[in-house]
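Residue-level structure breakdown
Listed below, chain by chain, are the residues.
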Amino acid sequence: MRHSNTLWMLAIIAAIFVLIFLNLVLGSVSIPLQSVWHIIWNSGDEPITWQNIIWKSRLPQALTALVAGAGLSISGLQMQTVFRNPLAGPSVLGISSGASMGVAFVVLLSGSLGGVALSKLGFMGEIALSIAAVIGSLSVMALIVYVSQKVKGNVTLLIIGVMIGYVANAVIGVLKFFSVEEDIRAYVIWGLGSFARVSGNQMMLFVFLMTILIPLSFLLIKTMNLMLLGDSYARNLGLNIKQARLLVITSAGVLTAIVTAYCGPIIFLGLAVPHLCRAIFQTSDHRILMPAVLFVGAALALICNLIARMPGFEGALPVNSVTALVGAPVVASVLFRKRKNELNE
Amino acid sequence: MKQDTIHINGLSIGYHSKSSTKLVAKDIHSTIYSGELTCLLGANGVGKSTLLRTLSAFQPKLGGEILVLGKDIDAYSDKELSTTIGVVLTDKCEIRNMSVRELVGMGRSPYTGFWGKLSKDDKRIVEESIALVRIGELASRMVHTLSDGERQKVMIAKALAQETPIIYLDEPTAFLDFPSKVEIMQLLHHLTRQTNKTIFMSTHDLELALQISDKIWLMDKANGISTGTPEDLALSGHLSNFFARKGIVFDKETGLFRIDNQFSRQVRLVGHGQKYAMVRKALQRNGILANREVESNIWIETGDLKTSGFIIHETSGSTYTPLTIEELLAYFDIEKS
């Protein structure tokens, strides 16, 4: 690893710690810096409401943003590598559409058929949503993996994935048409994405799952490096293409499925972070890129969460708007500046 | 020290699909030797790529036998193959943000561990491969900033780093300009001598293949595959039959191909050396057959490099002295009209 790369990596890790702290400090209820510090180290007597805000709201939210950002970014990098397409991202194979479809079934049908609006069910409703999302996305993923073993070209697979996404969206459209307004609203809000929905025990489970899955995705580093060369060269260097494709897509799919289940379909991060990292680190080597997207993804998600919760917005700003509004100009400017440098060389 | 590394017995190649089998070529018998550059020539669509893909085990053969270093190719595992056969392909590989050294290092993948980290030995072999292909000054450049020819050299270095006794190249010179073509072919020829590797490539560059390769494989729909040194194939008439098409003739004197022109007239040409050859070539292109044997009223004296210009002896006995071939051609143009 180049010297400057190590420095960048350390800087980003340091930034993550700062961002976590900022996430604890900043919010619609203002809690003095010192009190936050005391609450974290469990010293001093701070008001119980403040303790609850930090422990039960801000910390879970920060951790959720952290692992969700990391997971989506890794998933995006894997998709871009396996399809050798810079526009690929976690949502490209219809996996997040699958999650949306699962959620749509639960939210929209429970009202129309069961006669209960899911939004009134509270905690049970939340769990039902997560399960529906996981089932929806994993079933789409299973379909994609099955197809990936049947078709040869990556482009064909990509197109089929996009088609599956369209079908899922069409099903959602039909469901919406037959649903009551209240449920549609609940569904739309889920679709805007949020790091705040996950609370308490659910957050523990989410973070636990991701801390197992993310390291697993690192086992595919050599495979992904070989994939950069294209199918024929990779095969000639001893890579079993079918198996490799299966593993990488599964890894990316599961990460996306779980994040989407807990946070809703978060757009943009998964597509943008890999590009940002390639620009910063000037490499395609996954031994550097994988940790890089993990850290940068986590940091970016924390920033977005911070902005979404800025005093004044009262937590009302949807994460998806922030990721795109903040992230797009940043990434575009980085890529633009890099392209200019390349031309000047 | 030559060794027969690849034996092909009654090989059939083609594609299997659910409903049918498309046979591209059958009954191929041949041998490829180490320490030699073998070139596969054939028209588009005759199955050169299919043959190469079958030989590199990218696709299954339809029948027959391929023995690689005395062992059937089907008995090789993916891993063993990756250390036995290295490939270089036609298509540009769209890799961004990877340095030449890193890409050549990928050739070490079959030997590296779980994370693909290069050991000291691996790094030494990478540097040696880069040196063999003479791209030392490119080593730190990003692959996407290289020209097509440079990129092909990098891929050849990758194949060398792979340390395989056999290297297959599928039209490695396809998109290159002429000097780069020559450079790549000479490099490959040089490598066979220096490393005793078996190098087998397909190409469309007839002239270069005939001049540089040790063995030629001619692949043809009608006659299958004929093999031999370029010279033997020329003597036996295989080459002239092979390319017997309108517009191309195999010049037995030079052992090379040239474009067959229809001659509208003949002119006696006197002289020797380079100037003689150039005038002859220029007139040939303009539909005039010119050489010493021809009898004509008007004749051209080329002189040699010491004399300036050319002398045209007209029927009337007067002479005209054009200084360049362009002027000489202009004279014949005027005369024609």
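Starting afresh in each chain, residues are numbered from 1 along the sequence in its written order. Chain labels run from A onward and ligand labels from 1 onward, assigned in the order the entries are written. Only residues with pLDDT of at least 70 are given local features in this predicted model, and only at 80 or more are side-chain atom pairs given and counted; all residues enter the totals for whole chains, interfaces and linings. Values reported for side chains reflect all heavy atoms of the structure, with hydrogen atoms and water molecules removed beforehand.

**What to know about the overall build of chain A**
Comment: elements are numbered from the N terminus, with helices defined as DSSP H or I runs of at least four residues and strands as E runs of at least two. Tallying secondary structure elements over chain A gives 14 helices and zero strands in all. Each helix and strand of chain A, placed in order from N terminus to C terminus, yields the pattern α-α-α-α-α-α-α-α-α-α-α-α-α-α. Looking at chain A as a whole, 52% of its 345 residues qualify as buried. At a minimum sequence separation of 6, the contacts of chain A that also span at least 24 residues come to 78%. Of the roughly 15,300 Å² of accessible surface on chain A, 70% is carried by carbon and sulfur atoms. The classification of residues rests on relative accessible area computed with a 1.4 Å probe and restricted to protein chains. Under 20% of the type maximum is buried, over 50% is exposed, and intermediate values are partly exposed. Throughout, a contact is declared for two residues whenever any of their heavy atoms are within 4.5 Å. All accessible-area figures derive from a Shrake-Rupley calculation using a 1.4 Å probe, and residue coverage is judged against the displayed protein chains alone.

**Quick look at the overall build of chain B**
Per the secondary structure count, chain B includes 11 helices and 17 strands. The C-alpha radius of gyration of chain B comes to 25 Å, more than 25% above the 20 Å expected for a compact globule of 337 residues. C-alpha extents for chain B along the principal axes are approximately 85 × 50 × 40 Å. Taking all 337 residues of chain B together, the buried fraction comes to 50%. For chain B, the share of sequence-separated contacts (at least 6 apart) that also reach a separation of at least 24 residues comes to 63%. Throughout, the radius of gyration refers to the C-alpha atoms, and the reference size of a globule is 2.2 Å times the residue count to the power 0.38.

**With respect to the interface of chain B and chain A**
The partner chain A presents 24 residues to the 33 residues of chain B that form the contact. For the chain B and chain A pair, buried surface summed over both sides reaches about 2,400 Å², with 54% attributable to carbon and sulfur atoms. Values labelled buried area give the accessible surface lost by two parts on being combined, using a 1.4 Å probe and summing over both. The largest contributions to the chain B side of the interface with chain A come from Phe 58, Asn 97 and Trp 115 of chain B, which together make up 27% of the buried area. The working definition used for a salt bridge is a side-chain nitrogen of Lys or Arg within 4 Å of a carboxyl oxygen of Asp or Glu. The interface formed by chain B and chain A holds zero salt bridges in total. We define a polar contact as two N or O atoms separated by no more than 3.5 Å, with the added condition that, inside protein, one atom must be a possible hydrogen donor and the other a possible acceptor, whereas residues neighbouring each other in sequence contribute only through side-chain atom pairs. There are 12 residue pairs in polar contact (both at pLDDT 80 or more) connecting chain B and chain A. Counting residues per element, the ones that place at least two in the side of chain B that touches chain A are helix H2 (78-82), strand S6 (85-88), helix H3 (100-106) and helix H5 (148-161) of chain B.

**Thoughts on the pairing of strand S14 (residues 288-291) of chain B**
All names here are of chain B. The alternating pattern of S14 places Ile 288 and Ala 290 on one face and Leu 289 and Asn 291 on the opposite face, and all of these are buried. Pairing between strand S13 (residues 265-270) and S14: four bridges, direction parallel. Following the sheet pairing, Val 267 is matched in S14 by Ala 290. Handedness of the crossover is the feature at issue here: the chain leaves S13, passes through helix H10 (residues 273-285), returns alongside S14, and the resulting connection is right-handed. Note on pairing: DSSP must find at least two bridges between two strands before they are called paired. When the strands point away from the viewer and the connection leading from the first strand across the helix to the second strand turns clockwise, the crossover is called right-handed.

**Examining the sheet that holds S13 of chain B**
All names here are of chain B. Reading across from one edge, S14-S13-S15-S16-S17 is the order of the five strands in this open sheet, with mixed pairing throughout. Lying at the two open borders of the sheet, with one neighbouring strand each, are S14 and strand S17 (319-320). Helix axes are fitted only over the stretch in contact, all axes being lines through C-alpha atoms; the angle between N-to-C directions runs from 0 to 180 degrees. Contacting S13, S14 and strand S15 (299-301), H10 crosses the sheet at an angle of about 160° to S14.

**Comments concerning the packing of helix H4 (residues 120-132) of chain B against H5 of chain B**
All names here are of chain B. Their axes nearest at 8 Å, the elements H4 and H5 cross at an angle of 135°. In terms of their interaxial angle, H4 and H5 are classed as oblique. Between H4 and H5 the crossing geometry is right-handed. Contact with H4, carried on its side by Ile 125, Ser 129 and Leu 132, involves Ala 157, Leu 160 and Ala 161 of H5 and no other residues of that element. Gly is put with the polar residues, along with every residue not named as nonpolar or charged; the nonpolar set is Ala, Val, Leu, Ile, Met, Phe, Trp, Tyr, Cys and Pro, and the charged set is Asp, Glu, Lys and Arg. By residue class, the composition of the contact of H4 with H5 is five nonpolar, one polar and no charged. Each angle is binned into one of four classes, with values under 35 degrees roughly parallel, values over 145 roughly antiparallel, values of 65 to 115 roughly perpendicular, and all other values oblique. Crossings are assigned a handedness: left-handed for a near helix turned anticlockwise from the far helix by less than a right angle, right-handed for a clockwise turn.

**Here's the deal with the side chain of Thr 54 of chain B**
Position of Thr 54 of chain B among the secondary structure elements: in helix H1 (residues 48-55). Not counting chain neighbours up to four residues away, the residues in contact with Thr 54 of chain B comprise Ile 13, Gln 59, Pro 60, Lys 61, Ile 66 and Ile 73 of chain B.

**Things to note about unusual backbone geometry**
Residue and element names in this part refer to chain B. For Ala 57, which is not a glycine, the phi torsion comes out positive at approximately 65°. Turning to its location among the elements, Ala 57 is positioned in the loop between H1 and strand S4 (63-68). In this model, Glu 171 sits at a positive phi of 45°, which is unusual for a non-glycine residue. Mapped onto the elements of the fold, Glu 171 is located in the loop between strand S7 (166-170) and helix H6 (178-195).

**Section: the packing of aromatic side chains**
Only the six-membered ring of Trp is used, alongside the rings of Phe and Tyr, when aromatic pairs are assigned; centres must lie within 6.5 Å, and planes under 30 degrees apart are stacked while those over 60 apart are edge-to-face, with the rest tilted. Taken as a whole and judged by the stated rule, the model has nine aromatic pairs over all chains. Here the aromatic rings of Phe 177 of chain A and Phe 178 of chain A are separated by 5.2 Å at their centres, their planes lie at 85°, and the arrangement is edge-to-face. Linked through ring pairs, Tyr 168, Phe 200 and Trp 217 of chain B together constitute an aromatic cluster. Throughout this description, the term charge over a ring refers to an Arg CZ or Lys NZ atom that lies within 6 Å of the ring centre and within 35 degrees of the ring normal. Sitting above the plane of the Phe 310 of chain B ring, Lys 275 of chain B keeps its charged end 5.0 Å from the centroid.

**Details of the sheet that holds S4 of chain B**
With respect to topology, four strands assemble into an open sheet ordered S2-S1-S4-S5 (chain B), the strand pairing being antiparallel. Whereas interior strands pair on both sides, the edge strands pair on one side only; in this sheet they are strand S2 (21-33) and strand S5 (71-72) of chain B.

**A word on the confidence of the model for chain A**
Think of pLDDT as the predictor's per-residue confidence, scored from 0 to 100. Across chain A, the average pLDDT comes to 83, with 90% of residues at 70 or higher. Model confidence for chain A, summarised as mean pLDDT per element, is weakest for helix H14 (residues 319-344) of chain A at 71 and strongest for helix H9 (residues 221-227) of chain A at 94.

**Here's the deal with the side chain of Lys 158 of chain B**
The topology assignment puts Lys 158 of chain B in helix H5. Setting aside anything within four residues of it in sequence, one finds Lys 158 of chain B in contact with Tyr 233 and Asn 236 of chain A together with Val 87, Leu 103, Val 104 and Gly 107 of chain B.

**Concerning helix H12 (residues 269-281) of chain A**
Note that an α-helix has 3.6 residues per turn; residues three or four places apart therefore point the same way. Residues and elements named next belong to chain A. Here the expected span of a helix is defined as 1.5 Å times the quantity of residues minus one. Taking 1.5 Å per residue, 13 residues should reach 18 Å; H12 reaches 18 Å between its end C-alpha atoms and fits that length. Burial analysis of H12 places 11 of its 13 residues in the buried class, which makes it a mostly covered element. When H12 is considered as a whole, its buried residues turn out to be Leu 269, Gly 270, Ala 272, Val 273, Pro 274, His 275, Leu 276, Cys 277, Arg 278, Ala 279 and Phe 281. Trailing H12 by a residue or two, Gln 282 shows a phi angle of about 55°, which is positive.

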